[in-house]
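Breakdown of the fold
If you want the building blocks of each chain, they are given just below.
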Amino acid sequence: MLISHSAKVVEGIYDIITQMVPNVKVELAGGTDDGEIGTSVEKILQAIDRTHHEKGVLLFYDIGSALMNAELAVEMTEHENVAIAEAPLLEGAFVAAVESGMGKTLEEVKEAAESV
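About the cut-offs
- Residues numbered from 1 in each chain as written.
- Predicted model: local features only at pLDDT ≥ 70, side-chain atom pairs only at ≥ 80, totals over all residues.
- Heavy atoms only, no water.
- Helix = DSSP H or I, 4+ residues; strand = E, 2+ residues; numbered from the N terminus.
- Rg over C-alpha atoms; globule rule 2.2 N^0.38 Å.
- Buried < 20%, exposed > 50% of the residue type's maximum accessible area, 1.4 Å probe, protein only.
- Contact = heavy atoms within 4.5 Å.
- Lys, Arg positive; Asp, Glu negative; His and termini not counted.
- Charge placed at Lys NZ, Arg CZ, Asp CG, Glu CD.
- Patch = residues over 30% accessible without salt bridge, like charges linked within 9 Å, V, L, I, M, F, W, Y side chains within 5 Å.
- Areas by Shrake-Rupley, 256 points an atom, 1.4 Å probe, with all protein chains shown as cover.
- Salt bridge = Lys/Arg side-chain N within 4 Å of Asp/Glu carboxyl O.
- Pairing = 2+ DSSP bridges.
- Right-handed = clockwise from strand over helix to strand, strands pointing away.
- Axes fitted to C-alpha atoms, helices over the stretch in contact; angles between N-to-C directions.

Quick word on the overall build of the protein chain
A count of helices and strands for the protein chain gives 5 helices and 4 strands. Its helices and strands taken in sequence order, the protein chain reads β-α-β-α-β-α-β-α-α from the N to the C terminus. For the protein chain, whose C-alpha radius of gyration is 13 Å, the value lies close to the compact-globule estimate of 13 Å for 116 residues. Dimensions of the protein chain along its principal axes, counting C-alpha atoms only, are 35 × 30 × 25 Å. Here the protein chain, with 116 residues, has 45% of them falling under the buried criterion. Taking all contacts inside the protein chain whose residues are at least 6 apart in sequence as the whole, residues at least 24 apart take part in 70%. When the 7 basic and 21 acidic side-chain charges of the protein chain are each reduced to a single mean position, those positions are 6 Å apart.

Below, the structure written as structure tokens:
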């Protein structure tokens, strides 16, 4: 899942990932609820709900409050196996998509993304 202060940023990364790794589900939480620059815990929670499956969800974020809101969302969600990657948004998410597409576990995907 991609979290950014800008909807345009995550939309562009989404395009790259889904064209290269079409078999992996990617959700977005970009910008605020009213379309401004910023992040939204509610958008993050909704994206977790849309993408969650038995193997879990890995969250990637850009800067500042995106991490804080991702952490809040992880605490608030009722889903298990939701983790935050400490990795570059584009490169980390791309590597994670490739690894996930190969059937790796959440832990293996997170480790690969964080090694970028």
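Some remarks on a negative patch on the surface
Judged by side-chain charge, Asp33, Asp34, Glu36, Glu42, Asp49 and Glu78 come together as a negatively charged surface patch. Locating glutamate 42 in the fold gives a position in helix α2 (residues 41–51). Since its relative accessible area comes to 41%, glutamate 42 is described here as partly exposed.

Side note on the pairing of strand β3 (residues 57–61)
Of all 5 residues making up β3, 5 are buried, and the element is well covered by its neighbours. Burial of the side chains of β3 extends over both faces: Val57, Leu59 and Tyr61 are buried on one face and Leu58 and Phe60 on the other. As paired strands, strand β1 (residues 2–4) and β3 are joined by 2 bridges and run parallel to one another. Its bridge partner being in β3, leucine 2 is matched across the sheet by phenylalanine 60. Relative to strand β4 (residues 82–84), β3 runs parallel, the two being bridged by 3 bridges. Note on β4: the bridge partner recorded for leucine 58 is alanine 83. Following the backbone out of β3, through helix α3 (residues 65–76) and into the adjacent parallel β4, one traces a crossover that is right-handed.

Details of the sheet that holds β4
Taken in spatial order, the 4 strands make up an open sheet running β2-β1-β3-β4, and their pairing is parallel. What marks the edges here is a single partner per strand, and that holds for β2 (28–30) and β4. Within the sheet, the average angular offset between the axes of one strand and its neighbour, ignoring direction, is 20°. Sheet strands in contact with helix α4 (residues 89–101) are β1 and β3, and its direction is about 160° off that of β3.

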